Amino acid sequence: MFGYVIADRQQMSDEEKEEYKSYYCGLCKEMQKIAGFKGSVVLSYDVAFLYILLSGLYEPSGIVSLEKCSVHPFRKYKVVTNPIADYAASMNILLGYYNLMDDYEDERDHKKKMLADYLKKYLDQIEGKYPRQFNAVAHNIECITKAEQSHEENIDIPAGKTGQMLAEIFAMKEDEWQDDLRNMGYYIGKFVYVLDAYLDIDRDRKTGSYNPFIAKQNSDPKGFEDYIEMTLTSMMSETARSFEVLPIVQDVSILRNVLYSGVWSAFKAHQYKMQKKQGQEAEEEDSIGSIQSARRTV
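1. Quick notes on the packing of helix 1 (residues 14-39) against helix 2 (residues 45-58)
Packing of helix 1 against helix 2 brings their axes to within 9 Å, and their N-to-C directions diverge by 105°. When the axes of helix 1 and helix 2 are compared, the pair comes out roughly perpendicular. Contacts from Tyr 20, Tyr 23, Tyr 24, Gly 26 and Leu 27 of helix 1 reach helix 2 at Tyr 45, Val 47, Ala 48, Tyr 51, Ile 52 and Ser 55. Taken together, the residues of the contact of helix 1 with helix 2 sort by class into 9 nonpolar, 2 polar and no charged.

Here you go:
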């Protein structure tokens, strides 16, 4: 679930990079307050985006400081903390727990299970502070799991549940902005699920794991790539439409960088890898053809 809602650093100024990282560091600091150093292991740039988004929308008073950390102890870094940091950190730990459990079910990595068990101790605290969001995550994760275990052929069902889960997380408050925030979360959630399934096709084909795109790719290999790109573009267009309604000025260039460029990083990298592979295969075929032609001539 994590790793796609990130910035395109190549398109950022040095000032934007520093600001972006300052929220990331602030989120890390807040996660350590809740669950200690181990709690920050699941720190995610995806949730850092939410932290920047909500901070830009609500503009709470906060603290900007220069601090060292145990991971980078030799210099001080700019850190942004405000009242929204607790919410973002809680959501990061909550999502991180379920992400670890999902990885454990797929990989049987016992280190991830141990970390998940550690984070589980703090879930009651998060549920007490944010019951709506907690229940939405728990319910929708259960629905996604059932859909995957039953090998649901319609990817819109588990993707939609992922969207519903993030919709409740993006809507920190039930206020005048909740509909646009929910819409953003819903389509980002669907985008993440669809993109993740698309990137995992080859691996899932080899392992026999659930992936509804395998059948679709088999039935229409030529049109499949266009279908995926069109689907993802439609989802991000809906996300952007709701985002542009929000009266955000603070760090808006960073947020636009993520939504209009950064979220496509994994997709573009995969496309490049595929094109390179296809180019190499074409060269090999040409080489084999040339050798066979030469042999026939001789």
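2. Details of the side chain of Thr 81
One can find Thr 81 in strand 2 (residues 77-81). Beyond its immediate stretch of four places on either side in the chain, Thr 81 contacts Gly 26, Lys 29, Tyr 51, Gly 62 and Ile 63.

3. Observations concerning unusual backbone geometry
In this structure, Arg 108 takes a positive phi of about 55° despite not being glycine. Here Arg 108 is to be found in the loop between helix 3 (84-107) and helix 4 (110-120). Note on Arg 108: relative accessible area 45%, which makes it partly exposed.

4. As for the pairing of strand 2
The element strand 2 is largely enclosed, with a buried count of 4 among its 5 residues. Note: strand 1 (residues 63-67) against strand 2, 5 bridges, orientation antiparallel. Residue pairing across strands places Leu 66 opposite Lys 78, the latter belonging to strand 2.

5. Some remarks on the pattern of salt bridges
Across all of its chains, the model carries 17 salt bridges by this definition. Here Glu 30 ties to Lys 33 by a salt bridge, and the two come within 3.8 Å at their closest N and O atoms. Placement of both Glu 30 and Lys 33 in helix 1 is noted, with a separation of 3 residues, approximately one turn of the helix. With a relative accessible area of 11%, Glu 30 lands in the buried category. A salt bridge links Glu 168 to Arg 182, with the shortest nitrogen-to-oxygen separation between them at 2.8 Å. Linking Glu 168 in helix 7 (residues 156-170) with Arg 182 in helix 8 (residues 178-199), this pair joins segments that are 14 residues apart in sequence.

6. With respect to the packing of aromatic side chains
Per the counting criterion, the structure on display carries 14 aromatic pairs. Ring plane angle 85° and centroid distance 5.0 Å describe the contact between Tyr 87 and Tyr 130, whose orientation is recorded as edge-to-face. A residue pair is termed long-range when its members are at least 10 positions apart, and Tyr 87 in helix 3 and Tyr 130 in the loop between helix 5 (123-129) and helix 6 (131-149) qualify at 43 residues. Arranged with centres 5.0 Å apart and planes meeting at 75°, the rings of Tyr 97 and Tyr 98 form a pair that is edge-to-face.

Reading guide: rules and limits
Residues numbered from 1 in each chain as written. Predicted model: local features only at pLDDT ≥ 70, side-chain atom pairs only at ≥ 80, totals over all residues. Heavy atoms only, no water. Axes fitted to C-alpha atoms, helices over the stretch in contact; angles between N-to-C directions. Helix = DSSP H or I, 4+ residues; strand = E, 2+ residues; numbered from the N terminus. Parallel < 35°, antiparallel > 145°, perpendicular 65-115°, else oblique. Contact = heavy atoms within 4.5 Å. Nonpolar A, V, L, I, M, F, W, Y, C, P; charged D, E, K, R; others polar. Buried < 20%, exposed > 50% of the residue type's maximum accessible area, 1.4 Å probe, protein only. Pairing = 2+ DSSP bridges. Salt bridge = Lys/Arg side-chain N within 4 Å of Asp/Glu carboxyl O. Phe/Tyr/Trp six-rings, centres within 6.5 Å; stacked < 30°, edge-to-face > 60°.

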